[in-house]
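One-letter residues, chain by chain:
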Amino acid sequence: MPSRESGEVRKRIHVAGPTALGDAIASTRRFGLELELRARDLARLCIVVEELITNLCEHGVCETEREIKLELVRLPSGLGLVFEDNGAPFDPRTASATDDMPQRGGGAGLRLVKAWSEIIRYESGDDGNRLELLLALSGD
């Protein structure tokens, strides 16, 4: 159940290994259902999470050493998403809109992420990577 401290609704998700993608999407979906998000907003949230974790796994293998932490926060302005991982740097702001995997859509996922969310910040350092996004919701 999400935390309701300070009027915020927050969920932290920690995934690793070959089930990271499915585990993250399932937890994200449960969070969206708990918030009673509109179907369109829930679908967009799940797609954004799926695309970003897929990119993390493709640009750095999702083995057991690869850990991804996701924090979802309901804010007055929408949904805040924070991704943290211990893999190779991957900055979606500067990643090419066309990638070297045309069989997977050639960057279509990143275009959706950029169209549906605002990338607030990306940082990479010795502790890993941190990506912060804001996903606007219908009616917000």
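I'm lost on the packing of helix α1 (residues 20-34) against helix α2 (residues 39-58) in this one. Help?
Geometry of a packed helix pair, given as the angle between the helix axes and the separation of the axes. Two elements in contact, α1 and α2, have axes separated by 9 Å at closest approach and are oriented at 160°. Judged on the interaxial angle alone, α2 and α1 are roughly antiparallel. Seen along the crossing, α1 lies across α2 with a hand that is right-handed. Contacts between α1 and α2 pair Leu 21, Ala 24, Ile 25, Thr 28, Arg 29, Gly 32 and Leu 33 from the former with Leu 42, Leu 45, Cys 46, Val 49, Glu 50, Ile 53 and Thr 54 from the latter.

I'm lost on the nonpolar core in this one. Help?
Formed by 33 residues in total, the largest nonpolar core has its most connected members in Leu 79, Leu 81, Phe 83 and Leu 133. At the level of secondary structure, the elements contributing two or more residues to this core comprise β1 (9-16), α1, α2, β2 (67-75), β3 (78-85), α3 (108-116), β4 (117-125) and β5 (128-135). With 8 residues, the top contributor of residues to this core is α2.

Is there a simple way to explain the pairing of β2 in this structure?
Within a regular beta strand, the side chains point alternately toward one face of the sheet and then the other, so they alternate between its two faces. The pairing of β1 with β2 spans 8 bridges and is classified as antiparallel. Paired with Ala 16 across the two strands is Glu 67, which belongs to β2. In this sheet, β3 lies alongside β2 in antiparallel orientation, the contact comprising 8 bridges. Directly across from Arg 74, in β3, lies its bridge partner Leu 79. Hairpin connection of β2 to β3: 2 residues between the antiparallel strands.

So what exactly am I meant to see when it comes to empty space enclosed by the protein here?
Rolled over the atoms, a probe as big as a water molecule pinpoints where empty space is left. Enumeration according to the criterion identifies 1 cavity of 30 Å³ or more in this entry. Roughly 70 Å³ of internal volume is contained in the largest cavity. Contributing to the lining of the largest cavity are Leu 52, Leu 56, Phe 83, Asp 85, Phe 90, Tyr 122, Asn 129, Arg 130 and Leu 131. Put simply, the parts of the chain that give the lining of the largest cavity at least two residues each are α2, β3 and β5. Partitioned by chemical class, the residues of the lining of the largest cavity number 6 nonpolar, 1 polar and 2 charged.

What is the right way to read the sheet that holds β1 from this model?
Each strand in a sheet pairs with another by means of backbone hydrogen bonds, the pair being arranged parallel or else antiparallel. Taken together, 5 strands build an open sheet; the order of strands is β1-β2-β3-β5-β4 and the sheet is antiparallel. Edge positions in the sheet fall to β1 and β4, since each has one partner strand and no second. Across the sheet, the axes of successive neighbouring strands diverge by a mean angle of 10°, strand direction being ignored. Against the sheet, α2 engages β2, β3 and β5, with an angle of about 15° to β3. In this fold α3 packs onto β4 and β5, with an angle of close to 115° to the strand it touches most, β4.

Quick question: what am I supposed to make of the pattern of salt bridges here?
For side chains of opposite charge, pairing can occur when their charged atoms come near one another. Summed over all chains, the structure comprises 6 salt bridges. With a shortest N-O distance of 2.5 Å, Glu 84 and Arg 130 are connected by a salt bridge. With a gap of 46 residues between them, Glu 84 in strand β3 and Arg 130 in strand β5 connect regions that are remote in the sequence. With a relative accessible area of 29%, Glu 84 lands in the partly exposed category. Between Arg 121 and Glu 132 there is a salt bridge, with its nearest N and O atoms 3.1 Å apart. You can see Arg 121 sitting in strand β4 and its partner Glu 132 sitting in strand β5, a full 11 residues away along the chain.

Criteria and thresholds
- Residues numbered from 1 in each chain as written.
- Predicted model: local features only at pLDDT ≥ 70, side-chain atom pairs only at ≥ 80, totals over all residues.
- Heavy atoms only, no water.
- Axes fitted to C-alpha atoms, helices over the stretch in contact; angles between N-to-C directions.
- Helix = DSSP H or I, 4+ residues; strand = E, 2+ residues; numbered from the N terminus.
- Parallel < 35°, antiparallel > 145°, perpendicular 65-115°, else oblique.
- Left-handed = near helix turned anticlockwise from the far one by under 90°.
- Contact = heavy atoms within 4.5 Å.
- Core = buried A, V, L, I, M, F, W, Y, C linked by side-chain atoms within 4.5 Å.
- Buried < 20%, exposed > 50% of the residue type's maximum accessible area, 1.4 Å probe, protein only.
- Pairing = 2+ DSSP bridges.
- 1 Å grid on protein atoms, 1.4 Å probe; cavity = no way out; pocket = protein on both sides within 12 Å on 5 of 7 lines; lining within 4 Å.
- Points joined across faces, edges and corners; volume = space filled by probe spheres on them.
- Nonpolar A, V, L, I, M, F, W, Y, C, P; charged D, E, K, R; others polar.
- Salt bridge = Lys/Arg side-chain N within 4 Å of Asp/Glu carboxyl O.

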